[in-house]
Amino acid sequence: MRIITVGLKERSYPIYIGNELNYGEIARKALPKTRDLLVVSNDTVAPLYMEQLKKDLEKHDFKVRECILKDGECYKTVDSWMQIETALLQDGYGRDSAVVALGGGVVGDMAGFAAACYQRGIPFIQIPTTLLAMVDSSVGGKTAINHPLGKNMIGAFHQPKAVAAELSVLKSLPARELSCGLGEIIKTGIIYDQDFFLYLEKHAHKVYELDFDVISHIVQRCCEIKAEVVSKDEQEHGLRAILNFGHTFGHAVEAFLGFGTWLHGEGVGLGMVIASALAKKRGLISAEDFERIHALIVRCRLPDRIPENMQAQDFLRLMRHDKKVRQGVIRYVLPERLGQVGLYTDVSDEEVVSLINDLKGIK
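Here the structure is a predicted model, which is why all the values come from computation and not from measurement.

Enquirer: Where do I start with helix α4 (residues 105-117) in this structure?
Expert: For an α-helix, the turn length of 3.6 residues means that residues three or four places apart are oriented alike. Taking 1.5 Å per residue as the helical rise, α4 with its 13 residues ought to reach 18 Å, and the 18 Å between its terminal C-alpha atoms agrees with that figure. Burial runs high along α4: 12 of the 13 residues are buried. Those residues of α4 not exposed but buried are Gly105, Val106, Val107, Gly108, Asp109, Met110, Ala111, Gly112, Phe113, Ala114, Ala115 and Ala116. Phi turns positive, to about 50°, at Gln119, one or two residues after α4.

What follows is the structure, encoded as structure tokens:
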């Protein structure tokens, strides 16, 4: 087992990475005075892992109840959030209770947001069950639900008390979900660590083979980088914005197609291709670096083509609803070299239209 600490002074918390993690022990250490836990999961994950989790928690003197949501990004809504709040209220949970999120990024985001709102904030623990959630969404305290006009537009910063990444659960994931996680993993190398990007060029294919030596290294390095970034800029006033590489364009695609049509990592994959193409067009990165980024995204089975019916104006319209917009100006995270990105506010709408039309082959 490996332990990484997200350093936020009195709100610091551990990330546990390994096989055969003792959930009960981890929860009791994180919540020494808590008795009542609401475990939030979905109807895909709960049948696989809920009973064992409850046994582990009950062995450590927790009283456990469940809240089972429908599975999918399309259910990351105010109705699902209200389902969690209603479960907490109906069972009489107090401010000394806590929430456990058992699932992928959708479950983690909604359960965390429900915990942030309930009685103005109760603790929660993340137990991610997808590769994407392990390397990204379970760490950092961003919680949210979607609105039809934009992804994650309603939410709060609410840090977990602990994250427990049990690697063995990845055996149950289809290849598409592994690819989804690799989207965020590739992003991490591009924005912060050239050596890690080189490692992915050589070893990313082994994720599909469930090579747990490779997976353990990847999860650990992504968590180390995110922990470092979040520790320096918890609420995205500066440095943390680099984590949005690929997301501005990617979120627009997800919203255009309807949340859940593409997985989040797929949107990020295409978003990184578009942002990298913009960087190449601006002379920020070489054609060789663009090709390396593009090639790795394709090898990880992520989309690299803009949906046929999506036009440049669709991107501009949807990106104006992005959380990263400031005073009407869209902020673009663009690669400057492998391992480094910059934040740009001088990209004109005309530049975006020209780029999208070029990528779509529109004359």
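Additional details are given in the paragraphs that follow.
Enquirer: So what exactly am I meant to see when it comes to the pattern of salt bridges here?
Expert: Side chains that carry opposite charge are capable of pairing whenever their charged atoms lie near each other. In the structure shown here, the tally under the stated rule is 22 salt bridges. Residue Asp136 is joined to Lys226 by a salt bridge in which the shortest nitrogen-to-oxygen separation is 3.1 Å. Placement of Asp136 in helix α5 (residues 131-137) and of Lys226 in helix α8 (residues 212-232) is noted, with a sequence separation of 90 residues between them. When sorted by exposure, Asp136 lands in the same class as Lys226, which is buried.

Enquirer: What's the story with the pairing of strand β4 (residues 63-69) in this structure? I'm lost.
Expert: In regular strands, side chains alternate between the two faces of the sheet. Across seven bridges, the pairing between strand β3 (residues 36-42) and β4 is parallel. Within β4, the residue paired with Asn42 across the bridge is Leu69. Crossover β3 to β4 through helix α2 (residues 46-58) is right-handed.

Enquirer: Honestly, the packing of aromatic side chains in this entry has me stumped. Any pointers?
Expert: Note on aromatic pairs: each is described by the distance of the centres and the angle between the planes. Counting across every chain of the model gives three aromatic pairs. Here the aromatic rings of Phe249 and Tyr332 are separated by 5.6 Å at their centres, their planes lie at 40°, and the arrangement is tilted. One end of the pair, Phe249, is in helix α9 (residues 247-257); the other, Tyr332, is in strand β10 (residues 332-337), with 83 residues separating them in the sequence. An aromatic cluster is defined as three or more aromatic residues linked by ring pairs; in this entry it consists of Phe249, Phe315 and Tyr332. Just above the ring of Phe290 sits the side chain of Lys280; from NZ or CZ to the centre is 4.5 Å. Sitting over the ring of Tyr208, Arg301 keeps its end group 3.7 Å from the ring centre.

Calculation notes
Residues numbered from 1 in each chain as written. Predicted model: local features only at pLDDT ≥ 70, side-chain atom pairs only at ≥ 80, totals over all residues. Heavy atoms only, no water. Helix = DSSP H or I, 4+ residues; strand = E, 2+ residues; numbered from the N terminus. Expected span 1.5 Å × (residues − 1). Buried < 20%, exposed > 50% of the residue type's maximum accessible area, 1.4 Å probe, protein only. Salt bridge = Lys/Arg side-chain N within 4 Å of Asp/Glu carboxyl O. Pairing = 2+ DSSP bridges. Right-handed = clockwise from strand over helix to strand, strands pointing away. Phe/Tyr/Trp six-rings, centres within 6.5 Å; stacked < 30°, edge-to-face > 60°. Lys NZ or Arg CZ within 6 Å of the ring centre and 35° of its normal.

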